[in-house]
Amino acid sequence: LEEASRHCDECLVMYPPDHKEYPTVVNNASIVKAYMYDAHGNIEDLSNSISHSRELLGMYREGQLRHASILLNLATSLQTLFDKTYNEDDINEAISCLQSILPVSRVSGAPPLFNCVSKLAVALQSRFEIGRQSHDINDAIQCFREALTIAPSFLSLKARKDLAGALVRRFDEMALDQDLQD
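Anyway, here's the lowdown on the structure attached to this text. (Residues numbered from 1 in each chain as written. Predicted model: local features only at pLDDT ≥ 70, side-chain atom pairs only at ≥ 80, totals over all residues. Heavy atoms only, no water.)

A few words now on the layout of surface pockets. There is about 290 Å³ of room inside the largest pocket. Lining the largest pocket are 16 residues; nearest its centre among them are Ser30, Ala34, Ser49, Asn73 and Ser77. At the level of secondary structure, the elements contributing two or more residues to the lining of the largest pocket comprise helix H2 (22-40), helix H3 (43-57) and helix H4 (65-85). When residues in the lining of the largest pocket are grouped by element, the largest group, 7 residues, is from H2. Here the lining of the largest pocket is composed, by residue class, of 7 nonpolar, 8 polar and 1 charged. Estimates place the volume of the second largest pocket at around 210 Å³. Lining the second largest pocket are 13 residues; nearest its centre among them are Asn115, Ser118, Lys119, Val122 and Lys158. A per-element tally of the lining of the second largest pocket places helix H6 (residues 113-131) first, with 6 residues. (1 Å grid on protein atoms, 1.4 Å probe; cavity = no way out; pocket = protein on both sides within 12 Å on 5 of 7 lines; lining within 4 Å. Points joined across faces, edges and corners; volume = space filled by probe spheres on them. Helix = DSSP H or I, 4+ residues; strand = E, 2+ residues; numbered from the N terminus. Nonpolar A, V, L, I, M, F, W, Y, C, P; charged D, E, K, R; others polar.)

Before going further, it helps to examine the packing of aromatic side chains. Under the defined criterion, the tally for this structure stands at 1 aromatic pair. Across the ring face of Tyr60, the terminal group of Arg66 is positioned such that the distance to the ring centre comes to 5.9 Å. Residue placement shows Arg132 over the ring face of Phe128; its charged tip is 5.6 Å from the ring centre. (Phe/Tyr/Trp six-rings, centres within 6.5 Å; stacked < 30°, edge-to-face > 60°. Lys NZ or Arg CZ within 6 Å of the ring centre and 35° of its normal.)

Another aspect to go through is unusual backbone geometry. Omega for the peptide link from Ala110 to Pro111 comes to -10°, which places this bond in the cis form. Mapped onto the fold, Pro111 is located in the loop between helix H5 (88-108) and H6. We note that Tyr86 has phi near 55°; this positive angle belongs to a residue other than glycine. Here Tyr86 is to be found in the loop between H4 and H5. According to the relative accessible area criterion, Tyr86 is exposed, its value standing at 55%. Positive phi, normally seen in glycine, also occurs at Arg132, with a value near 55°. Tracing the backbone through its elements, the reader meets Arg132 in the loop between H6 and helix H7 (134-150). (Buried < 20%, exposed > 50% of the residue type's maximum accessible area, 1.4 Å probe, protein only.)

Structure, rendered in structure tokens:
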């Protein structure tokens, strides 16, 4: 990974931003930095991955499938960063990214709708944990319910577990009898 990262850094310097291969280089750099974070846990690697993803977003029009895929990767990295730093700006940006992907995903199926809806549900529940806004947990539960209806068979158990966890969490906070029945 370190060698791949070094080569990506060198390519970023060597390729001018208007070169036709520049988006590929930026994408590779973003992916490598995310993998390095996964391997070593260095927040700087994750921050670099996020920066590269943000730069890459500017290279594609909103509504394009590539733009939506980049947004999904960015949202995932922002959620990971939030899980480490609890910076509300990170989770808010992740939610915004995921919400903007949904229309494209609903029409094209790419990125996979189940992934988008599930990640949005998790992000909303994460934001609920810091802000205790009932609309966040309610929206998370709505997304978890949708995810359960569209889950591929091999993920239906996970979707059911996630929904149950959110219902229990809302009951803990608000004591809604309906949550126990659901």
